[in-house]
Amino acid sequence: MSPKEISKFLIGIELFNELNDEQRLECANNMKVLEVKKGTVLIKQGSNRDTLFIIQKGSIHEYIDKSNSKRTILNHYKACEVFGEGALMDNYPYAMSAKAATDSRLFVLHRAEFSKMMENSTGVVVKLIAAASRIISRRMRSSSYQMSNIAMRYATGATRTESDMIGEKDVPADALYGIQTLRAAENFNISGITLRLYPRFIKSLAMVKIAAAKANKDLGELDPKIADAIVEASEELINGRYHTHFIVDMFQGGAGTSTNMNANEVIANRALMLMGKELGDYQYCHPNNHVNYAQSTNDVYPTALKITILYFNDKLVIALKQLIESFDKKSKEFAHILKVGRTQLQDAVPMTLGQEFATFSNTLREEIDRLNENAKLFNEINLGGTAIGTGLNANPKYKKLAVKYLREICNYPVKSAKDLVEATQDTGSFVMYSSALKRLAVKLSKISSDLRLLSSGPRAGLWEINLPAMQPGSSIMPGKVNPVIPEVVNQIAYNVIGNDLTITMAAEAGQLQLNVMEPVIARSLFESLQHLKNGITTLATRCIDGITANEDHLREMVQNSIGLVTALVPKLGYEVCSKLAKEALATGASVYQLTLDKELMSKAELDRMLSPKRMV
């Protein structure tokens, strides 16, 4: 592209708004065109800041690299947006990375060219730096909202006045949320766990809004320009933008209305920006009249909740498969090691350590089917039912069309419930799925307790296995190392079991045509899913993968075990073996040695009878 074409494209981009045609052309003359493929890394975290990027087409993800190879996406930039503007001010290292989310074309201004402009065109440089400072300041102020309380937010700048049925209220001027969100944030200052901490739920809400807007547009119920702006604003939420404006606490009265209105207001105000209108100028795009058209909290909230849980379930199953694989590897590694089995904490017949670890993997493998089976219940949704399931205020064709669009957007086989009135008040699917989480938690806790027992010691316990040493275990006892990973999994399990009771009570509390307790059901399920996934991953990578066996000690315990005598019953008979066991208990001698001393069997025959292959 020529500099003139680049200059023309820069018109309307905030960074260049104060430049005249000649000044924009000068900037364009110093820019280069960069064509990149999807996945191309444009910025590497920690490298020196040296380039300003203007996106002509395509989209860019800005993210933070983590040590465990995971990435947290912070921003999603699209065409006509600028990033890396800090390069105009200093060359300090980038705090994050950026890569192309799609095939993209960008215009880039390198710091070297900008430095030359500083010598020849001071006026242009001053205007660019001033504009960059405003953009950076606004981004930092927006980020600070999530760390400050409501009163603090008024101190960051001007306000706008909004009104509702209760009265008027001042809202921070640059906030995308509105008066109903602000009231909810003030009314429900409960847990400090706000919607923004569950970005997947925000994305699910946005998916529902897109499906509704597209359906209403197709049916002629919504102005195409308004519908398109709602869709674009919602897509930005799906891409991770503007989540800091979701400030409502997860604990709330009103059956989720505050959550739905938080989404409606953010989407409406962002749509207004896209339409070139002022924030809060709701005559052009209204949170209720347009974003929430043909909807109610009572069908939006549970629908978004269900597709969120479907996503979380997929992630939980992936983590669970990783843990099962870790146990499988250990079962093969320990397959040859004989040990004493125990019932009621007393010595029983021998088994292999490999069998014990195979039991852990097999019992957890069953849970994958249980989780997926119960998660299928969430494919049935009540979108289109509006307030109580009757579909009031929605086009008769809306339900089918909205569900179709949502199925395409969320990539889950969602379908409309046969009876929307029943589906609007029923929370049985949440109870069933929570019970599967509880069952998994119970098994994980039992396994964790077993690991703690098996590793107890090292001198005065069972000491059959060694767990990886993760941290010093005492502030007073030098050298003490505790089984901290199984311990934290135990605690996660107790929390999940408690959440299951909360969900049960909340489901029972539904009255007539609605269950108003769905917010605490959502909060409890999200917490259980998140904690289980993180705990399972931690158990696999920071505990199971590093376990070693104390093979010599295990062999010695087998040979000294009274339970060993059970294996000799087919050869020596019950009476003889009983006498051997009694004498071993009285004298402290081993059954193995007593059998040889009494010449009841040859060493070769005894070893054959007690071989791991025969014993198990």
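Structure shown above.
Each chain carries its own residue numbering, running from 1 in the written order of its sequence. Per-residue local features of the predicted model are confined to residues with pLDDT of at least 70, and side-chain atom pairs are confined, for both listing and counting, to 80 or more; whole-chain, interface and lining totals are unaffected and use all residues. Water and hydrogen atoms were dropped before computing side-chain values, which therefore reflect all heavy atoms in the structure.

### Section: the pattern of salt bridges
The following threshold applies: We define a salt bridge as a contact between a side-chain nitrogen of Lys or Arg and a carboxyl oxygen of Asp or Glu at a distance within 4 Å. Put simply, DSSP marks the helices as runs of H or I at least four residues long and the strands as runs of E at least two long, and each gets a number from the N terminus on. Buried residues are those whose accessible area, probed at 1.4 Å on protein chains only, stays under 20% of the maximum for their type, while exposed residues exceed 50% and partly exposed ones sit between those limits.
Tallied over the full model, the rule gives 31 salt bridges. Salt-bridge contacts for Glu464 lead to Lys339; the nearest nitrogen and oxygen are separated by 2.7 Å. With a gap of 125 residues between them, Glu464 in the loop between α15 (428-454) and β15 (465-466) and Lys339 in strand β11 (residues 338-343) connect regions that are remote in the sequence. Accessibility expressed as a relative area gives 0% for Glu464, which makes it buried. Exposure remark for Lys339: the relative accessible area of 1% places this residue in the buried category. Salt-bridge contacts for Glu551 lead to Arg555; the nearest nitrogen and oxygen are separated by 3.9 Å. Taken together, the positions of Glu551 and Arg555, both in helix α18 (residues 551-560) and four residues apart, correspond to about one turn of that helix. Owing to a relative accessible area of 29%, Glu551 belongs among the partly exposed residues under this scheme. The class of Arg555 is partly exposed, set by a relative accessible area of 41%. In the salt-bridge network here, residues are joined through shared partners; they are Lys78, Glu81, Glu232, Glu236, Arg241 and Arg270.

### Looking at the pairing of β11
Selection criterion: Two strands pair under a simple rule: DSSP has to find at least two bridges between them.
The pairing of β11 with strand β12 (residues 346-352) spans five bridges and is classified as antiparallel. Its bridge partner being in β12, Leu338 is matched across the sheet by Thr352. Where β11 hands over to β12, the hairpin turn is made up of two residues, of which Gln344 adopts a positive phi near 55°.

### As for the layout of surface pockets
So the rule is basically this: Put plainly, a pocket is an open set of points on a 1 Å grid over the protein atoms alone with protein on both sides within 12 Å along at least five of seven lines, a cavity is a set where a 1.4 Å probe fits but cannot get out, and a lining residue has an atom within 4 Å of a point. Grid points are joined across faces, edges and corners, and a volume is the space filled by probe spheres set on the points. We call Asp, Glu, Lys and Arg charged. Ala, Val, Leu, Ile, Met, Phe, Trp, Tyr, Cys and Pro are nonpolar, and the rest, Gly among them, are polar.
For the second largest pocket, the calculated volume is near 390 Å³. For the second largest pocket, the lining is made up of 22 residues, of which Ser455, Pro458, Val481, Asn482 and Pro483 are closest to its centre. Within the residue set of the lining of the second largest pocket, elements represented by two or more residues are β15 and α16 (484-508). Ranked by residue count, the leading element in the lining of the second largest pocket is α16, at three residues. Residues that form the lining of the second largest pocket fall into these classes: 13 nonpolar, six polar and three charged.

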